[in-house]
Amino acid sequence: MSIEATLALIASITSLAVAAIGLVSSIIARRQTARADEKIETLRFEFSRKEAAWALGDEQLTQSLESLRLAIQAIQRVKDELQLILAARETSLDSDTALERLNVARTELFACYETELACLDDVEAKACHQAKNLSLIIEHYLRKCLSGKPHASQLSGEDRQRLQEFRSDLTDCQQRLRDCRTNRLIERMSRGQQSTQQLGK
């Protein structure tokens, strides 16, 4: 075989080798790109999943906080009406009006309990349920105390003392709900920090 033919053969083999190496490199590069794309897609999915879970959890927490706010507010309304009765002087508040106002506040508390119960945990529901029952006891007690008395100011000293105790019991229920609301606000801040840290990983 002549030198020219040998050189041509070597050149051909070299070209084939370079082409083969190029083909293999291209295949490897495509595979690496595909893996990188798959990893990016997985990270995107995980990010979206965590973001969706956070949004759902935050929405539930927001609903719970609002339910607690409404329950605390409804209890306060009953307390305010009871305080108005206890503060009545002479003919400043007639019994029928006093009982009607208290009935409206008590009805609102009952409605709040029924509406918001699904968003309360066991401790919160128990406190709200106790306040609801107390409001009914207070209304019945007042109707009995004011029977035959045209004005709320005619309550006896003993009745006033008992009603003050009822009001204190309502405050205890209200404070338990406030504590629960504070704990949930702390939970929200903690969840927000954890979510930020996880999404940053």
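Structure: see above.
Residues numbered from 1 in each chain as written. Predicted model: local features only at pLDDT ≥ 70, side-chain atom pairs only at ≥ 80, totals over all residues. Heavy atoms only, no water.

Draft legend 1. Spatial organisation of the nonpolar core. The biggest cluster of nonpolar side chains holds 36 residues, and the ones touching the most others in it are Ile 85, Ile 138, Leu 142, Leu 155, Leu 163, Leu 170 and Leu 177. Breaking this core down by element, the ones donating at least two residues are helix H1 (3–86), helix H2 (95–116), helix H3 (122–145) and helix H4 (157–199). Among all residues touching Leu 155, those that are not within four sequence positions of it are Ile 85, Leu 142, Cys 145, Leu 146, Arg 160 and Leu 163. (Core = buried A, V, L, I, M, F, W, Y, C linked by side-chain atoms within 4.5 Å. Buried < 20%, exposed > 50% of the residue type's maximum accessible area, 1.4 Å probe, protein only. Helix = DSSP H or I, 4+ residues; strand = E, 2+ residues; numbered from the N terminus. Contact = heavy atoms within 4.5 Å.)

Draft legend 2. Quick peek at the pattern of salt bridges. In total, this model carries 9 salt bridges according to the counting rule given. Residues Arg 77 and Glu 108 are paired through a salt bridge, measuring 2.9 Å at the closest nitrogen-oxygen approach. One end of the pair, Arg 77, is in helix H1; the other, Glu 108, is in helix H2, with 31 residues separating them in the sequence. Here Arg 162 makes a salt bridge to Glu 165, at a shortest N to O gap of 2.9 Å. (Salt bridge = Lys/Arg side-chain N within 4 Å of Asp/Glu carboxyl O.)

Draft legend 3. Inspection of the side chain of Ser 67 at higher detail. Along the polypeptide, Ser 67 turns up in helix H1. Note on Ser 67: relative accessible area 1%, which makes it buried. The contact partners of Ser 67, leaving out residues within four places of it in the chain, are Glu 116, Cys 119 and Leu 120.

Draft legend 4. Just the side chain of Glu 124, in detail. As for its placement among the helices and strands, Glu 124 is situated in helix H3. Aside from chain neighbours lying at most four places away, what touches Glu 124 is Ser 64, Leu 68, Cys 119, Leu 177, Cys 180 and Arg 184.

Draft legend 5. Local environment of H2. Taking 1.5 Å per residue as the helical rise, H2 with its 22 residues ought to reach 32 Å, and the 31 Å between its terminal C-alpha atoms agrees with that figure. Listed in full, the buried residues belonging to H2 are Ser 95, Ala 98, Leu 99, Leu 102, Asn 103, Ala 105, Arg 106, Leu 109, Cys 112, Tyr 113 and Glu 116. One side-chain oxygen of the residue at the start of H2 lies 3.2 Å from the amide nitrogen of Asp 96, identifying that residue as Asp 94. (Expected span 1.5 Å × (residues − 1). Polar contact = N/O pair within 3.5 Å; in protein donor to acceptor, adjacent residues only side chain to side chain.)

Draft legend 6. Just the packing of aromatic side chains, in detail. Inspection of every chain in the model, using the stated rule, returns 1 aromatic pair. The ring of Phe 110 is capped by Arg 106, whose NZ or CZ atom sits 4.7 Å from the centre of that ring. Here the guanidinium or amino end of Lys 132 rests over the ring plane of Tyr 113, the centre of that ring lying 5.3 Å away. (Phe/Tyr/Trp six-rings, centres within 6.5 Å; stacked < 30°, edge-to-face > 60°. Lys NZ or Arg CZ within 6 Å of the ring centre and 35° of its normal.)

Draft legend 7. Broad picture of unusual backbone geometry. The phi torsion at Glu 90 lies on the positive side, around 50°, for a residue other than glycine. Tracing the sequence through the fold places Glu 90 in the loop between H1 and H2. On the basis of relative accessibility, which here comes to 66%, the residue Glu 90 falls in the exposed class.

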